[in-house]
Amino acid sequence: MRHEKGNILLVELLIVILFFTLSQVIVLQAFVKAQQLNREAGITNLALLRAEDTAETLAVSDNAEETLASLGFTATDGLFQAESEDGYRITAEITHFTQTTGVLTTVTVKAFRDMTELFALPAVRYREVSAQ
Amino acid sequence: MKRKQEYRVGVGASSILMVLVVLALAALSLLSLSSAKNNAALSQRNLNMTLAYYQAAAQAQRTLSMMDSLMAEREAQNLTAQEWTDLFAAHGLEAVTVSAEGVFSFSVDAGAERSLIVQGELTPQNAPRFTVTRHELTNQTVTQSQPLPVAMP
């Protein structure tokens, strides 16, 4: 009789431990998801700041290529790239549209996290021929 | 003889403590997840608004380049303000208006009820053919006729 009571208590304890373990797994998953979301948002914010900084610097510069080089971009096959220790990569692609009156320079700044594209920000500037 | 009273912590106390710890952790994890989701939503909203601004600014630059091209083609003609407005409209620049004082203005939608207003002076016969004097992001819903008194002496 006493032995049976002990077994029931053991099973009860086992069920309680299992329930707590399950709860902790769910709680841990929620914490991991929250951390991941925060990290992704942080990377997006940092990449956006860098892209904005690049676009604003380009808006007041005369030579887009030189400006990108001074901002830490390296050119490979016409595509400018900058790696960040914060977990994102920025690329900049320059296109010049020349017309008789001036040049319309479009720099498309793209940000990537791993291989996923986060955004593409256009930085466009028109300069008259006489003003160059 | 006086019996000595014994205080023993039973199995129930540790179980209650465990339940409380689990509940506290569950509450913390939910709060943490909710905060992270809000943070991500805010970050996305900031991204969308910034991109919309830069797209509007890019559109404004394209409009200015087209205006410059049209003005260069017709710099010899002495067009009136209305004729310039009509000319721009005929070439897809319906938003551009030119006043009698030679001031052009147009606005580009920048998303989230915002507009990028561009204003400047039009001088087709001189170089440069235009000078931008205003490049401002404004809210479409807020109309402010008088400046707000921020600090009163």
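Scroll up a little and you will see the structure.
This is a predicted model, so every value here is computed, not measured. (Residues numbered from 1 in each chain as written. Chains lettered and ligands numbered in written order. Predicted model: local features only at pLDDT ≥ 70, side-chain atom pairs only at ≥ 80, totals over all residues.)

Time to look at the sheet that holds strand E5 (residues 116-128) of chain A. All names here are of chain A. Taken in spatial order, the five strands line up as E1-E2-E3-E4-E5 in an open sheet, and their pairing is antiparallel. Where the open sheet ends on each side, the last strands, each with one partner, are strand E1 (74-76) and E5. Recorded for the sheet is a direction-independent mean angle of 25° between the axes of neighbouring strands. Note: strand E2 (residues 79-83) against strand E3 (residues 89-98), five bridges, orientation antiparallel. When the sheet's bridge partners are listed, Glu 83 is paired in E3 with Arg 89. (Pairing = 2+ DSSP bridges. Helix = DSSP H or I, 4+ residues; strand = E, 2+ residues; numbered from the N terminus. Axes fitted to C-alpha atoms, helices over the stretch in contact; angles between N-to-C directions.)

All names here are of chain A. Bridging between E3 and strand E4 (residues 102-113) involves ten bridges; their strand directions are antiparallel. Counterpart to Ile 94 in the pairing with E4 is Val 107. What sits between E3 and E4 in their antiparallel hairpin is a turn of three residues. One ladder, built from twelve bridges, connects E4 with E5; its direction is antiparallel. Bridging from a neighbouring strand, Lys 110 pairs with Ala 120 of E5. A loop of two residues connects E4 with E5, the two strands running antiparallel in sequence, and Asp 114 in this loop sits at a positive phi of about 55°.

So, on to unusual backbone geometry. Positive phi values are uncommon outside glycine, yet A:Asp77 reaches one of about 55°. Along the chain, A:Asp77 falls in the loop between E1 and E2.

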